[in-house]
Amino acid sequence: MQTFHTLAELRAALHDFPARTLVPTMGNLHAGHLALVARGRELGAPVVASIFVNRLQFGPHEDFDRYPRTLERDTALLSQAGCSFLFAPDEAEMYPEPQTFCVRPDPALAGILDGAARPGHFEGVATVVMKLFAMVQPTAAVFGKKDYQQLMLIRRMVAQFALPIAIAGLDTVRDADGLALSSRNGYLTPAQRAQAPQLQAALHALAKAARGAHLPEDVLALESRAMRDLTAQGWTPDYLTVRRRCDLLAPGADDLREGAPMVALAAARLGATRLIDNLEC
Ligand code: PAF
């Protein structure tokens, strides 16, 4: 695997590879990221992984400063996983001047759920992903379904800007006890780690109950109860909700009657650590 820290070096190296698959990450890699690389390799073109902790997508009181930077270990993992190129720019390379041109995603999608809890987050994500697309010029890119709303937003951005990039979404990789892998799991104390699978259990219970609901108000009541139960277990939930898969809006009576594809989504804090997860249902 070849590692580049500058755009000029990356572009020179990629010159001979018209097809390439991008796996964008913020580093501190785990098996979920390596599964994205494996999926990228299946697509046939050389995989370009990027590692960049993107300040633009963090709120002022979020964990940008303490987000783990583990480039040496990440490089070894990517190399073992068969990644061809690693692009790891520093902030000056990614943002040589203040990024005053930004991608503003549709608030109907970017202003709800995680977008409501983290104002500006998805603008930061869309802007850096658009910039990575411009830098790497991939023919395909792989994103995890754990960041469900992010994946939907990227798909829409690619469609609306007619970018010639095939977006692949990959199922969430989980630990044996069901906890979705996340770099932020490393913030949990041993006691919190033992408790963390409760989030996925809450999603399972809510998804199952919502599948039996006939009216939107029944779903709302189930969500309120699920939030109360999670709170009683010591969590501080931002949301625990069932939405339509097509647009992440609340299901109407027709959706419930017709069994429209849905997804249960959750974001909740355990101590100082905010975890997200989701379950298609
Ligand atoms: O999912 C992530 O790790 C980040 O949001 C991404 C896509 C790498 C953009 O910084």
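Residues numbered from 1 in each chain as written. Predicted model: local features only at pLDDT ≥ 70, side-chain atom pairs only at ≥ 80, totals over all residues. Heavy atoms only, no water.

1. Concerning the sheet that holds strand β2 (residues 21–25)
Two modes of strand pairing occur in sheets, parallel and antiparallel, and in both the strands are linked by backbone hydrogen bonds.
At step 1: Read from one edge to the other, the open sheet built from six strands follows the order β1-β4-β3-β2-β5-β6, with strand pairing classed as parallel. Whereas interior strands pair on both sides, the edge strands pair on one side only; in this sheet they are β1 (2–4) and β6 (166–170). Each strand of the sheet is rotated relative to its neighbour by a mean of 25 degrees, with strand direction disregarded.
At step 2: By the bridge criterion, five bridges tie β2 to strand β3 (residues 47–51) in an arrangement that is parallel. (Pairing = 2+ DSSP bridges. Helix = DSSP H or I, 4+ residues; strand = E, 2+ residues; numbered from the N terminus. Axes fitted to C-alpha atoms, helices over the stretch in contact; angles between N-to-C directions.)

2. Focus: the pairing of strand β8 (residues 262–270)
At step 1: Counting buried positions along β8 gives eight out of nine residues, so the element sits mostly inside the fold.
At step 2: Looking at chain direction, strand β7 (residues 236–244) and β8 are connected through eight bridges and run antiparallel. When the bridges of β8 are listed, Thr241 appears paired with Leu265.
At step 3: When β8 meets strand β9 (residues 273–280), the two strands line up antiparallel, connected through eight bridges. By the bridge assignment, Leu270 is partnered in β9 with Thr273.
At step 4: Between β8 and the antiparallel strand that follows it, β9, lie two residues; Gly271 among them carries a positive phi value of about 60 degrees. (Buried < 20%, exposed > 50% of the residue type's maximum accessible area, 1.4 Å probe, protein only.)

3. What about unusual backbone geometry?
At step 1: Here Leu113, not a glycine, exhibits a phi torsion of approximately 50 degrees, which is positive.
At step 2: Its location among the elements puts Leu113 in the loop between α5 (107–110) and α6 (114–117).
At step 3: Its identity is not glycine, yet Gln137 carries a phi of approximately 50 degrees, on the positive side.
At step 4: Mapped onto the elements, Gln137 comes out in the loop between α7 (121–136) and β5 (140–144).
At step 5: Look at Gln137 and you get partly exposed, because its relative accessible area is 48%.

4. Brief notes about the packing of α7 against helix α8 (residues 148–160)
At step 1: In contact at an axis separation of 11 Å, α7 and α8 are set at 50 degrees when each is read in the N-to-C sense. By the angle class used here, α7 and α8 are oblique. Crossing angle aside, the handedness with which α7 passes α8 is right-handed. On the side of α7, the interface is formed by Phe122, Val125, Ala126, Val129, Met130 and Phe133, while α8 contributes Gln149, Gln150, Leu153, Ile154, Met157 and Val158. (Parallel < 35°, antiparallel > 145°, perpendicular 65-115°, else oblique. Left-handed = near helix turned anticlockwise from the far one by under 90°. Contact = heavy atoms within 4.5 Å.)

5. A short note on the site of the ligand
At step 1: Taken together, the residues surrounding the ligand are Pro24, Thr25, Met26, Asn54, Gln57, Val128, Val129, Phe143, Asp147 and Gln150.
At step 2: Contact distances for the ligand include 2.6 Å between an oxygen atom and a side-chain N or O atom of Gln57.
At step 3: Contacts to the ligand include Gln150, whose side-chain N or O atom sits 2.8 Å from an oxygen atom.
At step 4: Of all elements in the fold, only β2 and α7 reach the threshold of two or more residues within the shell around the ligand.
At step 5: Of the residues that constitute the shell around the ligand, the class distribution is five nonpolar, four polar and one charged. (Near = heavy atom within 4 Å. Polar contact = N/O pair within 3.5 Å; in protein donor to acceptor, adjacent residues only side chain to side chain. Nonpolar A, V, L, I, M, F, W, Y, C, P; charged D, E, K, R; others polar.)

Scope: geometric values only; no functional claims are made or implied.
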